[in-house]
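Overview (structure and organization)
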Amino acid sequence: KKRDASPTAIRELAERFGLDLLTASILARRGVQTPADALYFLEDDARFLRNPFLFSAMEDAVDRILLAADEEEKVLVFGDRDADGVSATTLMMEALAEIGIQAAYRLPNEDEKYGLSTAAIDEFAVGYGSLIITVDCGISNHAEIAYAREKGIDVIVVDHHVLQADAPPPALAVINPKLDDSGYPFRDLSGCGTA
């Protein structure tokens, strides 16, 4: 739903904060009028981002990923095929590459349902893979994650979808801002933002 905003207010925002008219229009429609409100949306200094270690499972996830890097393990990033999932997959692949992990990635093809599949796990296990990181999916893949564990594959779930079960899946770590005990103060991250 697009709120109305006066052209005068949009021009004033653009001039005051040195913005293009499109950005000023978006801010005006969100009710941004003060410098503090504008800074919330425009801040690009990483020092002002929330600490990802506020997630209660982050240390376990990072420790496992660093072990995979040290041991030169085979890692698979399993994402979703929508814009959020592809972005999250790309971001995770780039982050892993920065620490020396040459991971593979997989997205569900057109015939496959959303989420981690036993077929993907079997394909990964054939190549002696040992760590799967799901991005923008995984929170509802209890059976598949248990199946991966039976095959000796650890799974880290990085997702933002609502948990539909009584408990999270049996993953090594679950990073999800919508879990009651996530530890993270903002529950509305995108899948890519969570990654």
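No experiment lies behind these values; they were computed from the predicted model shown.

1. Let's talk about the overall build of the protein
- For the protein, the helix and strand inventory stands at 8 helices and 5 strands.
- The secondary structure elements of the protein, listed N-terminal to C-terminal, are α-α-α-α-β-α-β-α-β-α-β-β-α.
- Projected onto its principal axes, the C-alpha positions of the protein cover 60 × 35 × 30 Å.
- Buried positions account for 40% of the 195 residues belonging to the protein.
- Of the roughly 11,500 Å² that the protein leaves accessible, carbon and sulfur atoms contribute 52%.
- Here the protein carries 18 positive and 34 negative side-chain charges, and the mean point of each set is 8 Å from the other.

2. Some words on helix α7 (residues 142-150)
- Among the residues of α7, E144, I145 and A148 are the ones counted as buried. Down the axis of α7, the buried side of the element spans an arc of 100°, and every buried residue falls inside it. Seen from the buried face of α7, the exposed residues on the opposite side, beyond 90 degrees, are A143, R149 and E150.
- Elements that come into contact with the buried residues of α7 comprise α6 (118-126) and β4 (154-158).
- Immediately beyond the C-terminal end of α7, within one or two residues, lies G152, with a positive phi of roughly 80°.

About the thresholds
- Residues numbered from 1 in each chain as written.
- Predicted model: local features only at pLDDT ≥ 70, side-chain atom pairs only at ≥ 80, totals over all residues.
- Heavy atoms only, no water.
- Helix = DSSP H or I, 4+ residues; strand = E, 2+ residues; numbered from the N terminus.
- Buried < 20%, exposed > 50% of the residue type's maximum accessible area, 1.4 Å probe, protein only.
- Areas by Shrake-Rupley, 256 points an atom, 1.4 Å probe, with all protein chains shown as cover.
- Lys, Arg positive; Asp, Glu negative; His and termini not counted.
- Charge placed at Lys NZ, Arg CZ, Asp CG, Glu CD.
- Arc of directions from axis to C-beta.
- Contact = heavy atoms within 4.5 Å.

The quantities given are spatial measurements derived from coordinates; they are silent on function.
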